[in-house]
Each structure stands twice: as structure tokens, then as C-alpha cells.
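These are the residues of each chain, in order.
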Amino acid sequence: MSDMTRSHYYFNSSIFRQNFRQHGWIGIIYALGLLFALPLQLFMSNNPDAKPQEIDHLFRIAGSVQALFIITIPVAAGLFLFRYLQAKSPADLWHSLPLRREHLFTAHLTSGLTLLLLPVWLTAGVVAVIKPWSGNFYIFQGADIWQWCITVSILTLFLFCFSVFVGICTGQSILQGIIIYILLILPAVLISLIHSHLAMYLYGYANANSNLHDSNSQIWSPFVHIVYYFTGKPFTNTELWIYGVLALLFIGLSYLLYRKRNTEKAGQAIAFGYFNPLFKAGVMLCAMLIAGNYFAQMKQQQMGWVISGYAIGAIIGYVAAEMIVRKTWQIMTRKVVAEFAVYAVMLGLLLYIPVSSVTGYEARVPSGDKISGVYMGANYRLYTPTDDLYTTPYMGQNPFSDDKDYIEAVRKLHQTVVTVRPDHTSRQYVYEYFTLAYQLENGDKLVREYWIPKKGFESELKAVKDTEAYKYEKYNLALLDKDLDFMWVTNRNKKVAISDPGEISELKQIIKREISNMSYEVQIDKDGKPDVANIQVEVKVKENSNQVSTDYGYYYPWKSTFHELEKWMNEKGYADKIRITAEDIQSAEIIKDDYMDEKTPKNPTSPEQRVALAREKNRTAVTKDKVLLTDVLAHHFNYGVENGNYIVKLMYKEGYSDFVMLKESDMTSELKALLK
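Cut-offs applied
- Residues numbered from 1 in each chain as written.
- Predicted model: local features only at pLDDT ≥ 70, side-chain atom pairs only at ≥ 80, totals over all residues.
- Heavy atoms only, no water.
- 1 Å grid on protein atoms, 1.4 Å probe; cavity = no way out; pocket = protein on both sides within 12 Å on 5 of 7 lines; lining within 4 Å.
- Points joined across faces, edges and corners; volume = space filled by probe spheres on them.
- Nonpolar A, V, L, I, M, F, W, Y, C, P; charged D, E, K, R; others polar.
- Helix = DSSP H or I, 4+ residues; strand = E, 2+ residues; numbered from the N terminus.
- Buried < 20%, exposed > 50% of the residue type's maximum accessible area, 1.4 Å probe, protein only.
- Contact = heavy atoms within 4.5 Å.
- Expected span 1.5 Å × (residues − 1).
- Pairing = 2+ DSSP bridges.
- Axes fitted to C-alpha atoms, helices over the stretch in contact; angles between N-to-C directions.
- Arc of directions from axis to C-beta.
- Left-handed = near helix turned anticlockwise from the far one by under 90°.

### Things to note about empty space enclosed by the protein
Summary: where empty space remains is shown by rolling a probe the size of a single water molecule over the atoms.
Link 1 in the chain: Counted by the stated rule, this structure contains one cavity of 30 Å³ or more.
Link 2 in the chain: Within this model, the largest cavity holds a volume of roughly 60 Å³.
Link 3 in the chain: Within the lining of the largest cavity, the residues separate by chemical class into two nonpolar, two polar and five charged.

### A closer look at the environment of T123
Link 1 in the chain: Along the chain, T123 falls in helix α6 (residues 101-130).
Link 2 in the chain: For T123, a relative accessible area of 0% gives the class buried.
Link 3 in the chain: Each C-alpha atom, one on T123 and one on P39, is 7.2 Å from the other, the two residues being 84 residues apart in sequence.
Link 4 in the chain: Excluding anything up to four places from it in sequence, T123 contacts A31, L34, L35, L38, P39 and W148.

### Re helix α11 (residues 237-260)
Link 1 in the chain: With 24 residues, α11 should cover 34 Å at 1.5 Å per step; its first-to-last C-alpha distance of 35 Å lies within 8% of that length.
Link 2 in the chain: E239, L240, Y243, G244, A247, F250, I251, S254, L257 and Y258 are the residues of α11 that are buried.

### Observations regarding the sheet that holds strand β14 (residues 657-662)
Adjacent strands of a sheet form backbone hydrogen bonds with each other and so pair up, either parallel or antiparallel.
Link 1 in the chain: With respect to topology, five strands assemble into an open sheet ordered β11-β10-β13-β14-β12, the strand pairing being antiparallel. The open sheet has two edge strands with one neighbour each: β11 (621-623) and β12 (637-638).
Link 2 in the chain: Looking at chain direction, strand β10 (residues 585-592) and strand β13 (residues 646-652) are connected through seven bridges and run antiparallel. What sits directly across from E589, in β13, is K649.
Link 3 in the chain: Packed on one face of the sheet, helix α23 (residues 607-616) meets β10, β13 and β14 and runs near 75° to β10.
Link 4 in the chain: In the packing of helix α24 (residues 626-635) onto the sheet, the strands contacted are β10, β11, β12, β13 and β14, and the crossing angle to β10 comes to about 70°.

### A short note on helix α21 (residues 563-572)
Link 1 in the chain: Taken as a whole, α21 has its buried residues at L565, W568 and M569. When α21 is viewed along its axis, its buried side chains cluster within an angular range of 100° and face the same direction. In α21, those exposed residues whose orientation departs by more than 90 degrees from the buried face are H563, K567 and E571.

### Some words on the packing of helix α4 (residues 73-81) against helix α7 (residues 142-169)
Link 1 in the chain: α7 packs onto α4 with a crossing angle of 35° between their chain directions and a minimal axis gap of 8 Å. Note that α4 runs across α7; the crossing there is right-handed. Across the interface between the two elements, P74, V75, A77, G78, L79 and L81 from α4 touch T156, L159, F160, S163 and V164 from α7.
Link 2 in the chain: Among the residues forming the contact of α4 with α7, the class breakdown is eight nonpolar, three polar and no charged.

### Observations concerning the environment of K672
Link 1 in the chain: Inspection of the secondary structure assignment puts K672 in helix α25 (residues 669-674).
Link 2 in the chain: By relative accessible area, K672 is classed as partly exposed at 31%.
Link 3 in the chain: Separated by 81 residues in the primary sequence, K672 and I591 have C-alpha atoms spaced 9.9 Å apart.
Link 4 in the chain: In this structure, K672 is in contact with E664 and M667, ignoring residues within four places of it in sequence.

### As for unusual backbone geometry
Link 1 in the chain: The backbone of N476 sits at a positive phi, close to 50°, despite the residue not being glycine.
Link 2 in the chain: On the secondary structure map, N476 appears in the loop between α18 (468-474) and β6 (487-491).
Link 3 in the chain: A relative accessible area of 0% means that N476 is categorised as buried.
Link 4 in the chain: For R492, which is not glycine, the phi dihedral falls at a positive 55°.
Link 5 in the chain: Relative to the elements of secondary structure, R492 occurs in the loop between β6 and β7 (494-498).
Link 6 in the chain: On the basis of relative accessible area, R492 is assigned to the partly exposed category, the value being 41%.

Structure below.
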């Protein structure tokens, strides 16, 4: 092939040289940035005496700095290399050359990829060369270098191709940059807004608390995905394949659109008219969701404010989109009003239909014959964390139970809840949060989340909590089947370790029996008695790993009604070592709690403020007498707002304090005499 043919074909050397002269700084900055973010950081440490640290991937080294360069430089390359499209004179000049558009596009695309990928490969090569050097604070394998190189190459390719695609669809460089980052973030933000919208109007909506911190949302935003994962774990092969395929898709679409793009569109906001409706609808929808959610949160979901919020968002979104498209603020015409009305109705239906009764979402309770397993509790998400940054005590376990009594009890509770629909806003009741999840026979899952008041649902809650299956999950008894090297009995600052394998085996079986035999009344602490202590277990996931949070712990309660456990602890001599005695108490301040009707300054349920009120009226008594302190410890129960009882503020020798209560019947004559 002759030089003349090549110059008129895809690989025009003159365009390459021109791009390298004009935009070579992009590659230089990218190379310097990556060399700073990775090879140089291998030798940087605040502690020069630190030992080399083993890492599982190279993104752990200054991951945020790496992310900064990777999410900015490829986008900048797309902006500058194709900037000639966004101005009429340069566009006319380039398109007057004796080159077909696909040849011109290929030359610029190849120039950009060369400028971007060579720094990545150079950085990987430098890391490979200096890997065995002394003074390196990190230990990693050659495969880690390959993994880093492939990952960054694919992400660079994706971001550059996406930037080019957006540039071809728009006619202004500034707008191109803004749209690029909006679109890179938008999926996660939009998912979060839609979750908030559905949670406001769908009773029992699951995933109501999801946000940008959730990996499920982050994975839909390339921008958040890159920033988050570069500080955490590397991309999976599936994710890299997706980004690679998307990059190729953007290249193909860019070729097609570039051939049809009119040069006269330079300077226009949107280069293709058929994208205008999508652009306007998208801006309107986002503005409506943001404004609607804002007013709903600020005005406690008052319907008038919420509807006004959606209307204001629709107007602002449409006007902003229209002004951007027309490049003027003078947009008011009859056609605009009619078009706005059409958009508003369509988007209004789009937001309303999913939360209307048409879907049957709120009343849907599966019949018993369609359920193969059920879960009820507050830890559902801990069974299937969306990333491996942290481990949980529930990982690897099946959250669903096929116990028929449990399934039916949960189903009846669910049916009662959707019928009564208790309001969570009332301060009169104490609520408990539950996730109700069904594993259906057809393989689907049905998940709902509720705040259920403890009063009014006692019989339904009792039916659920009395089942062994519920207690098995609630107190994670499956964890006791694992091998444990230690168990600890803890009570405030007191801690006793149990390491004998025989004692650990006995203790695990006793805990299982005690929890399995717990009544509903014990589970809800109806008697108000505080737990004697906690039994702590810790499971080691990875040995000799530098990754944080690989081990996880769990606490089992030692209830005052666990008589078998108490007997065992006494026999082994552990009970006396962790029990709180009068010797641990510095003093006790006692008041008669008859301040229910008093207006306290801030929080009427605060024991501190109720004690302060009593001090103002000289109605408190302080004692350091060990006999009286022993009486208090023998009869106290957990604090609760209730006139007629006595509030006791215990000051511990370690400096912290605690509020407990005594009933009238538990007050000895000596304690009563203090208040006279």
C-alpha cells in the first residue's frame, strides 16, 4: 500500500503527528500522574521502619489518587481531541480535508487511545521493574501487575470512548463535559431517588434505606464505581467485560452518528434533534424527583407540599432543558406550554402508577402453599453483603427457614400489618424494625420492611417469637456450630476468657438450650431486668491477612432468667469475676420519679433532666454506703419513663454513669430514709 493510499485511509500519519504535537501533554500528564500514584507510592511511608506489607491488589496503594487521574484524564482527552466538532471554523477546516469522516474519526480515536494507553502500560512496566527493589513497602505478585494493567486499560478505554460518544451527540465542549459526568453519576443517583420516591408512597417498600453508599447502587454509576472500588476491592472480570463491551458499543455508535452529524450543529447543545425529547424528559424527571423528595422530607410528606414539589421540579426541569437546547432564555410560546403539559402528564403517570394500588404491592401477602422458606428479623442484608470489604456473622448462612409454624406465624403477622397499617410517626409506642422475606416455590423472593409497634401486635409477635426457628435466626445460633478458640464473658470493663475446649463446648450447648427455651416475655425484657453479662465469640476468617475487618464477633445475652447458665458460671468461678458489685460503684444518687407532668427543657424522657429537676427542688439523695449500694444492685431494673418508681444514677469508679430504676416495693427502709 503506497503512502498516498495510507494517507487517505484510516492511518493518516499527518493527523497523528498533529495530535501528538497539539495534545501530547495529555499523555505526559497521565503518565506522570500514574507514576506518582503507583510506583512512587511503593516507596512512600510515614514510618521508615515499617515492615513490607502484603497486599492483595495494587489498587490499595493510593487508590483515591489513582482514581483521580483515571476518571479525569481520559475524559479530558475526549474533550480536547474532538473539540474541533464543537466550533464551526475548526469543524469546517477538518471536514474540508480530503478524508472520509470514518477515516478522520479513526485517526483521532487512535491518537487518543495511544496517548492514554501508553502511560498505563509504561506505569505497569515500571512497577514490574522496581518490584524487587529494596525500600519497597509493599509485597505483591506479578499477577497483580497484570490485573492492574488490564483493569486500568479497560477503564481508560471505556471513559475515553464514552467521552467521545457524548461529544459527537452534543455541540458544546462545556456541555459535553457536564453531561459526561452527570451521566456517569446519574444511574446511581436516579436509583437512590426512585427508592426514596417508592419508599414514601409504598407501605412496606424494601430497600427504602438504600443510598449511594450501597454497592448495589454504586455498581450502576461508573464514576462512583471507580472511586469506591479503587479504595476498596478491584473490579471483577464480569464488570471488566461489561465495560469493555460498552466501550466497543460507544465506538460503533460514534462511527454511525459521526457520519450523520451536520457540521452546522457545532455550537448547538444537542447535535441530533431526536435526542431532544429524551434530554428534556430526563432533566424533568430528575428535577421532579429531587424537588418532590426534598419537600416530602422537609414537610413530613404533607401531600400539598409534595405535589407542589413535583410541580416546581417539573417546571424548573423543563425550562432549564428548553433553554439549554435553544441557547436562550426567551422560550415562552404556545407550543412550549402544550409540550410542557404533555411531558408533565406522561412523567406524572410514570411516577404515580408504580405507587398506586394498581400494582397491588402493599397488600400482597403470599399464600402458605406458595412459600418454601421465610425470614423475619433485622439482619436480612447481613446474609448477602454486596461486597467483600467486610464480613458479617451471618455470611454463608441460609436466612430462610422452612418451619411450617414459623412460616404461618410470619404470614399472619404480615397480613395483620398490611391490614392495620400502623403509623410509624406516633411517639406513643415503641417500634421494632423487621424485614419480612419469603422464598417462594417458583424461586422468586418477596421482601417487605416494616416498623411494627410492640403494643397492639402482641399476639402476632408472640406467635412468631415463640418459634424456635425465629430464635435460631434472631440469636444466630448457627454461629455456635463453628470452631471457636475463645469465648469471653464481658460486663462493662470486666472480661473473662474461656479457652478450654471442653468448657467452650459445654458453654455453647448451654447457650443454645437457654435461648431456645426463652419465652416471648423474656425476649422483650418484660420484667425490665438488665442482662447479667454478654457472651462474646469471635470467628477468624483469614489468618495473617492485612485486610481489615476480616474477623467478626457476636454477642449472646446472659439473661437473668438463664439459670442453667448462671449455675455453670458459678461452678466454673467466672460469675464472680464479671459481676458488678458495690465495690465498683462510687456513689448512687436517688430521686422519686414523679416528674411525668413536669415540663423539662428538652427531652422529657431524659433521666438526666429528670434528676436535674429533682436537684433544683432539693429532692435527691446521694449515698456511698456499700450496703445500700448492694441493695440497689440486687433489685434494679432498666430505666423507663414511669411515675411512682425511683430513678438511681450510679456513678462507677471508672468515671462513667448509668441510670437504673427501683420499684416502690424494692425500696428498703434505709433507702427511703435517705429521701426524707
